[in-house]
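Coordinates in review
Each chain, written out:
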Amino acid sequence: MDTSSPSILVNGESLPLYFGKRVRAVVQVIQSDGAGTTAKSTDEHQLIIKGLPVIPPLNFVEVIGIADSNQSVNAEIWTDFGSTFDTASYNQLCKLANGEFKALFL
Amino acid sequence: MFSSSQFDATSAFSGGGFMPSQSTQLTDSTPSPAKSRNSLGVVPVTVKQISQASQSGDEKSSFVINGVDVTNVTVVGMVFDKAEKSTDVSFLIDDGTGRIGCRRWVTENFDKLEMEAVQDGMYVRVIGTLESFSRCQAVGCFLCQTCDKLR
């Protein structure tokens, strides 16, 4: 069992807190051209995701990677979640996972 | 554009955001305040919580998480390092808080079919028993469901 390398649940607001750390976020693709993907977080911040393949616009994708700036993530693992996703619940989960229930995650 | 549904912390932390491919009725995992602090049914946990669990010290060989005796747990996460043997399939499950080893004994055809569908990089829900090997916890799975509705 290994808890030394967690991937922290983040949204656009909390991403800047984890610069250089491994994070995970579900974002909605706005534009994808292979070089960098412009996406929207569940709290409607614009993020740049590096290292993704071309993904259909408006699809939701979970990205796990290193936060390399306040608004970008260098993706290592990605999972296409499809065209529908409960962003409100996920956004609230991010807030709770970084706040009141942080001990359950980190 | 986005759903404005009310957030339910209980269902979110019970793994309700991931839909298993098979509909399975799980026993209620939320202990009632009027009952004892012994766990009833399957308890959704994170790997982080398991790492902080202590053994109960009684004859039931259960663990204590947040003051509750827990034996059967459910974890949702991504599969890594799947290894198949003739009698069992082992893999790591990573839920973002950590990685833990899981073992699914394969004795019936149903077991084989279930585990054939599981591949590295997939999201699954495991239901099983907390076990301790060399001071390290692991999960002995009796059910491993792929998550095909990731919303």
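Relevant structure appears above.
Anyway, here's the lowdown on the structure attached to this text. Position numbers for residues start from 1 in each chain and track the written sequence from start to end. All chains are assigned letters beginning with A, and all ligands numbers beginning with 1, in the order in which they are written. Predicted model: local features are reported for residues with pLDDT of at least 70 only, side-chain atom pairs are reported and counted for 80 or more only, and whole-chain, interface and lining totals are derived from all residues. Side-chain measures were taken over the full set of non-hydrogen atoms in the model, leaving aside hydrogen atoms and water.

Strands here are runs of E lasting at least two residues and helices are runs of H or I lasting at least four, both read from the DSSP assignment and numbered beginning at the N terminus. The secondary structure content of chain A amounts to one helix and six strands. When the helices and strands of chain A are placed in sequence order, the string is β-β-β-β-β-β-α. Radius of gyration: over C-alpha atoms. The globule rule applied is 2.2 Å multiplied by the number of residues raised to the 0.38 power. Over its C-alpha trace chain A gives a radius of gyration of 13 Å, about what one expects of a compact globule, namely 13 Å for 106 residues. For chain A, the C-alpha atoms occupy an extent of roughly 35 × 25 × 25 Å along the three principal directions. The buried label goes to any residue with under 20% of its type's maximum accessible area, the exposed label to any with over 50%, and the partly exposed label to all in between, with areas taken from a 1.4 Å probe on protein chains only. When each of the 106 residues of chain A is scored for burial, the buried share is 50%. In what follows, a contact means two residues having at least one pair of non-hydrogen atoms within 4.5 Å. Of the contacts made within chain A by residues no fewer than 6 positions apart, 51% connect residues no fewer than 24 positions apart. Working definition of accessibility: Shrake-Rupley area with a 1.4 Å probe, residue cover restricted to the visible protein chains. Entry remark: accessible area of chain A is about 4,800 Å², with carbon and sulfur atoms responsible for 53%. We treat Lys and Arg as the positive residues and Asp and Glu as the negative residues; His and chain ends play no part in the count. Note on charges: their place is set at NZ of Lys, CZ of Arg, CG of Asp or CD of Glu. Charged side chains in chain A number 7 positive and 11 negative. The centres of these two groups are separated by 5 Å.

A few words on the pairing of strand β7 (residues 88-94) of chain B. Residue and element names in this part refer to chain B. Most of β7 is tucked away: five of the seven residues are buried. The pairing criterion is simple: DSSP has to find at least two bridges between the two strands. Pairing of strand β6 (residues 72-84) with β7 involves five bridges; the strand directions are antiparallel. Along β7, the bridge assignment pairs Glu84 with Val89. Here β6 hands over to β7 after three residues, the two strands then running antiparallel side by side. Pairing analysis gives seven bridges linking β7 to strand β8 (residues 99-105), with the strands arranged antiparallel. Following the sheet pairing, Ile93 is matched in β8 by Ile100.

Each side of the interface is counted separately: chain A has 29 residues, and chain B has 30 residues. We define buried area as the total accessible area lost by two parts upon association, computed with a 1.4 Å probe and summed across both. Contact with chain B buries surface across chain A, with Met1(A), Thr3(A) and Leu104(A) losing the most and accounting together for 27% of the total. In protein, a polar contact requires one atom able to donate a hydrogen and another able to accept it; more generally it is a pair of N or O atoms within 3.5 Å, and residues adjacent in sequence count only if both atoms are side-chain atoms. Our enumeration of links across chain A and chain B arrives at five residue pairs in polar contact (both at pLDDT 80 or more). When contributions to the side of chain A that touches chain B are tallied by element, the ones reaching two or more residues are β2 (22-32), β5 (60-69), β6 (72-82) and α1 (87-97) of chain A.

Examined bridge by bridge, strand β2 (residues 42-44) of chain B and β6(B) share three bridges and lie parallel to one another. Bridge pairing links Val42(B) to Asn72(B) in β6(B).

Purely geometric stuff here, so don't read any function into it on its own.
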